[in-house]
Each structure stands twice: as structure tokens, then as C-alpha cells.
Amino acid sequence: MRILIIGAHYKPDLGPSAPLFTMLCENLVRLGHQVTIITMVPHYPTGRVSAEYKGKLFWKSVEQGVEVIRVGLPSIDRSNLTQRLLQFVCYQIGATWAGLGKKYDAVIASSSSLTVWLPFAAMVALRRKPAIYSVYDVYPNVGVTLGIFRHKPVIAFVSSLERFCLNHASVVRIISDSFRQDLLAMGLPDDKMVLIYDWVDTDLIQPLPKDNSFAREYDLCSQFIVLYAGNLGLSQGLDTILAAAETLAPDKELSFILVGDGINREHLIAEAERRKLTNVKFIPFQKRERLPEVLATADISLISLQSGIGLHSLPSKTYSILASGRPIIACVDENSETWNLIKKYEAGLCVPPENPQALVEAILTLKKDRDLRERMGHNGRLQVENHHSPQAGAKQMEALMLKTISSSIS
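Scope of this entry: the structure provided in the associated data block. Source: prediction; values computed, not measured.

About the cut-offs
Residues numbered from 1 in each chain as written. Predicted model: local features only at pLDDT ≥ 70, side-chain atom pairs only at ≥ 80, totals over all residues. Heavy atoms only, no water. Helix = DSSP H or I, 4+ residues; strand = E, 2+ residues; numbered from the N terminus. Buried < 20%, exposed > 50% of the residue type's maximum accessible area, 1.4 Å probe, protein only. Contact = heavy atoms within 4.5 Å. Areas by Shrake-Rupley, 256 points an atom, 1.4 Å probe, with all protein chains shown as cover. Lys, Arg positive; Asp, Glu negative; His and termini not counted. Charge placed at Lys NZ, Arg CZ, Asp CG, Glu CD.

### Some points on the overall build of the protein chain
Per the secondary structure count, the protein chain includes 15 helices and 14 strands. Counting only C-alpha atoms, the protein chain reaches 65 × 45 × 40 Å along its principal axes. In the protein chain, which comprises 410 residues, the proportion classed as buried is 59%. Contacts in the protein chain between residues at least 24 apart in sequence constitute 73% of all its contacts with a sequence separation of at least 6. As presented, the protein chain carries roughly 17,200 Å² of accessible surface, and 52% of it is formed by carbon and sulfur atoms. The centroid of the 44 positive side-chain charges in the protein chain is displaced by 6 Å from the centroid of its 41 negative side-chain charges.

See below:
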């Protein structure tokens, strides 16, 4: 089977979907398929494109058997929404051009339509090819919740792009059952949705000792560490972590570590300084190769989403934390997929978003009970080994594509 994938991030980019698509492509190749991905040049999370990826329209290579076509982009300031839109437009035009003349049997495209609408229209709708549209966040809902989409014409425009992709896809893959109601409200039939959870590199990310080179480099071995690692953006509601840190400041054994970058990083640093939080440390984004050690440094790992966002999103970092064998505290909407998954796996505690006191109480509960922390960490690791390996994910996507192609022929 010849598979064309349209996805914005691929290694060595640091976008959260980059390892997901890298693992999917490489494992589909191992299953015997011919795979091409059209992606962006590495630019995440800063928006800046390094010198090695400037000066050309396309970078083409074969990596682990995968044909990778990277589309050139301008460097931008990711805090500027207009500039981010410009980057999306450049990618859409470049991806469409790169796809001209390509021969393929099926397409996998990754939401949102703001990044893939034009190549999706050209390579799926116009050529009438079977396609899986993989929904990672429900648009425009998530943008409305964040206050990014405020005007009715903008919301209507984004909604029309998203509906186009949903309607022209053969099947819509959702990563969370909580997406179903929002998509039904957009007119998508229930029988067109298939739930396939994300996967994680269980070989790379394993339970490791807390005393490791990353922890030693940043002098973290002797502290009880509450870790947030990932995008320091607007949707994460990370001010809640700072408020909890302020409450717990008298506990000299406990430190909050925020590892990553994003458009909200400078605000968070300034806010921590304003609050005089000596128990909070900011560490730059780390290369993926160091992620196992970063996660192993934690006694507790945090997932945090602004109120309302958890109903439209399931952070991929959830699976990485589970794989690391550390307990989770999730500050997310009750009955969101993240909440339900952690409860089902008995891998951590869940508290309402933007509720510092509830977060404090959850931290103290886990801090005083080492056996509970170890049991929750073990539960999480066992679940990802059984249900979220990249091999299992690739086989599920392969089966879905074969069924989609068969249905399009009959």
C-alpha cells in the first residue's frame, strides 16, 4: 500500500506530534508499506527555522525507509497569531505543490484544517482518494475556548474549513471519545468516527532512576520534584502551578520544575519572580533523547489544561508520563478523556483545572505516600506497554486504511 501522510511535525522537530508521526511512518514501513510524509521544516516550539533549513523550498530525504518531504517556512514569532497564520499558509501551499504527481492509495491527514486544508482538498477531495482525517483537537471549539477566535466571521470560516475535511474524509480518527459530541454537533455521523488512542515510544521512554545526568546537571536529585515538561503556552493554565508553588513555599524539600518553551514562558518567569518563588525553576526545552531522564527526575508529573480545553484535547504527554513509570496529577476538566483515562488506569490523581488548592492537596497526598506513587507509576507503565506501543498503533491504523480502501472500491 502506498500511503501519503500530511502532518505538520516530524523528527527532529520538537512538536508534540513529531514523535507520533515518526513512529507511525517507520512502523508502517516495517509492515511493508511505501510511506511518504509531507511535513514542515523543524521550527517548534520557537517558530524559528535554523540555518540548515533555509534557502530552499523543499528538503527531500529517505529516513528509515520513509520518504520525507519538508516544506520550507519563514521564521516567525509564535506569539504573533498573524505570523503563525502566515506559516500555516506557506506550509499549505508548499505541501500541495510537493504532492503534485505523487502516486498513492490512501492519505492520512492530521488536523487542524488551518494547516492542512489546501493539500487535503487537492490530494483527497479533487483526486477522490480514501483518507483518514486524524483529529487531535476539535476546531474551532478549542480556539474559541482559548479566546483566539473571537469574531463570528472568523469562527464561521475556521468551522467551514474543518467541516470540509471532516466531510471529505472517508473516516475520522479521534484520539478521545470526548470529541464525539462536538463532532456530532458539527454534523459528522457517529459511524464515521473511529477511536484509536495515541502511542508512545515504550523502548525510548522507560522507568529510570531519579539520580541521572539531567537531574545532576540541574541539582535536582535531593529534592522532591513536581515536574511539568512540555509546551509553556496559553492553553495549559500554568499560572495554577505557580499559585500552588506559592502555597507550598514553606516546604523546603519540594521544588516545582517547568521544562520547556512556548509563548507564555516569559510571562510565567516574570510571575514567578513577582511572587518571589524560590521553589520554582525553569529549564529550557530538552532534546527528545533526554526526555526519559527528564521524566525520570519527577516524583510527580503534571498535566495541566485551562478550563474547557480538556474537553477538546488529550495531551500526547499523557502517554510519555505513563511510560516513564511516574504518577500523574492532571489538572483537567472532569470526565474529559484525560481525566477518565488516568482514573481507569489508576495511574494518578485528577483535580479540576485552575484550582490551586486542589492541586496542593493532591501533591501532599502523593508526597506522603511513596507506596501509592510507586503503585500508580507501575500501573501506568503496564497500560502503555499493553495498549499504546507504536507497533500496536501502526497495526490499528493499517487495518483502518485497508478497510477504508476496500470500502472506496466496493
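There is more to say, and it comes next.
### Description of the environment of Leu57
Mapped onto the elements of the fold, Leu57 is located in the loop between strand 2 (34-40) and strand 3 (58-63). Sequence-wise, Leu57 and Ile5 are 52 residues apart; in three dimensions their C-alpha atoms are separated by 19 Å. Contacts of Leu57, omitting those with residues within four sequence positions, involve Arg70, Val71, Gly72 and Trp97.

### A few points about the environment of Gly348
Among the secondary structure elements, Gly348 is positioned in strand 14 (residues 348-351). Accessibility expressed as a relative area gives 7% for Gly348, which makes it buried. Between the C-alpha atoms of Gly348 and Gly380, which are 32 residues apart in sequence, the distance is 8.4 Å. With near-sequence residues (within four places) excluded, Gly348 lies in contact with Ile328, Ile342 and Met376.

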